[in-house]
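Here are the chains, one letter per residue:
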Amino acid sequence: MAHYKIQVVTGTALHVKTLGSTSITLVGSEGEGERRSLGHYHSDSHKRDHHMYHIQEEQDVGDILIIHLHKEHSSTSPEDSWFCNKVTVESPTGKFYHFPCYRWIEGNISVELPEGTAFLPSAENLNPLLLKQRENELKERREAYKWKVFHKGLPRCIDVDDAKELDLKLKYSITKFTKYAVHDIVSLEEIKVKGFSECKESCKPSEDIIKAFWTNKTATSEYLFQHWTEDAFFGYLLVNSTHSMLIKRCNNIPENFPVTNSMVADILGTKTNLTTELQNGNIFIVDYKIVEGLPENVWNSSEQYMAAPLCLLYLTPQDEMIPLAIQITQTPGPENPIFLPSDNEWDWLLAKMWVRNADLSCHTPLFHLLRAHFIAEVFCISTLRNLPMVHPLFKLLIPHHRYILHINIGLRGALMDPSRSFDKSSIIGREGILELLSRDMESFTYSSMCIADNLKSRGVDSLPNFYYRDDGLKIWSVTERYVSSIVDFYYKSDESIQTDPELQAWVWEIFKEGFLERKSSGVPSKLQTRAELVKYLTMVIFTVSAQHAATNNDQFDLVSWMVNNPCSMRQPPPKTKGTATLESILEVLPEVGTTASSIVIKLRRSESGDKKPLGTFPDEYFTEEEPKRCIKAFQKRLSKISAKIEDRNLSLPLKYNYLDPKVV
């Protein structure tokens, strides 16, 4: 007789335990054991999460390769689901075998789990049973996670229209779902009670909107209220807010933006001029041409207006980024004046508002929705379809894909439904957003997702006081070290990269379904070396963690004071100077109800419930000691970054903590 010790670990969240009967079958190199009962998981026996069982087999089954977990519904209790974390088996010789599960087991079903030691499909002397299990797993996954076309020219997405259709593991937890629901109820009720939700009056630069959301105010939103009209703060926001992805060094003034030396002489002073500062690399530009000509939205039977401004900026000797000139539309001419800091204060303030409006219109669709959500979904689906659970890259990547599918299904539903948020909070509406996304995909590149390459291409890699760059590069670096340590442990040569069909299928499907086989994107369709793989994996993890945090975590902070980021403009751009007044600006700003609804949406996107900080891996997919050591080293380096950010922020008038690993 062969005696085995079985430890079953069940999840600790709500409703993860079962009243049904469970059993196990061991499959080893020397044969298959009998189906052995693990008993009934009654509620009172589930006060602890670890359950130890002893089973006897007629003979030793050898090295344990696979286990079958069986769950049967009890006819005397309601149907339920069981979330199994992992199973550990100790053999008669004292050897331990680990079987990560981390999935829901629903209904009457048998689940096949391979031993958790990660291995590559090209490894020699693989047992045929393991190869067959691997093949069956991927076949099942490809049936479950199919691609579909969401919109022409955009990345493919999962072929699911309702999050209810998702596997329980991919859905929101009860904690997250509840927090979202409570947030919506409380926030919407708050603006309703205070009379904002249906108010069609113009927003006024007062504390009304801040008071409407007083329970959510932050140090940044308070600072914004005090400093939003200052030119230096306007420049700061183009460097360190929401996306920081459009500003670039200007080497030559564009032909359609005819700014002259005389126009900016008052700002630059007598000791220098525009030509000199261009040569010195101190002139920067933000160009919103990508939004030109997009269809404009109609709210409450009132037409909204969109512009595609150009904004020239100057890096002062004091390392402040200040605006030099603004042209509100792309075509120069007598009815499209260039606005300057020396103009009437209301003219200049209105010109900056048009820039902030265009910036907000780019941020949500392009740098948040497309580059941090829809592309992340491509990574997720390809991982699920092409990498089996025992593949080391599946173990590396799967923690970073948490909730992506559930979130994106909801986002697409809101985008396509005219009665929902995007048509109520975006100046261009869903049709304009889809057009804008298609335009951006035409120029979307691999290098733009790699922070160092991106910064260098825009000439902002040495810009002072650029905290997104400073923190982002640090996170990229420690993530790259972590990824490299994992890759080096499993892939001993470049050839092992080239001969891994699952890895190559994963990369190819991202190129095919995410970037539509567009070679000009520079996105690899295959990988040849370990260095290429490390960079690619780092890009994936950075995109879904740090880059998303940079575009998501400050949304409420920056829109809570609406006049700094107006979600709508109700009058066309001015055609002459000297006409703006406080009263005329109020007529341009969106209605109170529109603004309040937009802020509620931003609040929801900043909701922090049930998130796992970068480097936190509660599901232990890796079973070997070396990957566990690599994870601990990664966590220590992230902790050091966090400490440095906290220390730096002590001396800043406005803290930049959106890339603190604790909130990534």
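Please refer to the structure placed before this passage.
Overview of the structure.

**Remarks on the sheet that holds strand β13 (residues 283–287)**
Alright, step 1. Across the sheet, five strands lie side by side as β12-β13-β16-β17-β18; this open sheet has antiparallel pairing. Because the sheet does not close on itself, it has two edges, and the strands there are β12 (248–249) and β18 (338–339).
Alright, step 2. One ladder, built from two bridges, connects β12 with β13; its direction is antiparallel. For R249, the partnering residue across the bridge sits in β13 and is F284.
Alright, step 3. Taken strand by strand, helix α5 (residues 231–240) contacts β13, β16 (310–315) and β17 (321–327), and its axis lies near 90° from that of β17.
Alright, step 4. Across the sheet, helix α8 (residues 345–386) lies against β16, β17 and β18, angled at about 90° from β17, the strand it touches most.

**Quick notes on the sheet that holds strand β5 (residues 50–57)**
By way of backbone hydrogen bonds, the strands of a sheet pair with one another, either parallel or antiparallel.
Alright, step 1. The strand order β5-β1-β7-β8 describes an open sheet built from four strands, whose pairing is antiparallel. In the strand order of this sheet, the two ends are held by β5 and β8 (96–106), each with one partner. Averaged over all adjacent pairs, the angle separating strand axes in this sheet is 25°, with direction ignored.
Alright, step 2. Two elements, strand β1 (residues 2–10) and strand β7 (residues 81–90), share six bridges in a ladder whose sense is antiparallel. Counterpart to Q7 in the pairing with β7 is T88.

**Observations concerning the state of the cysteines**
Cysteine pairs can be linked by a disulfide, which is a covalent bond between their two sulfur atoms.
Alright, step 1. Scanning the entire structure with this criterion turns up zero disulfides.
Alright, step 2. C101 takes part in no disulfide bond, and the closest cysteine sulfur to it belongs to C84, at a distance of 4.3 Å.

What counts as what
- Residues numbered from 1 in each chain as written.
- Predicted model: local features only at pLDDT ≥ 70, side-chain atom pairs only at ≥ 80, totals over all residues.
- Heavy atoms only, no water.
- Pairing = 2+ DSSP bridges.
- Helix = DSSP H or I, 4+ residues; strand = E, 2+ residues; numbered from the N terminus.
- Contact = heavy atoms within 4.5 Å.
- Axes fitted to C-alpha atoms, helices over the stretch in contact; angles between N-to-C directions.
- Disulfide = S-S within 2.5 Å.

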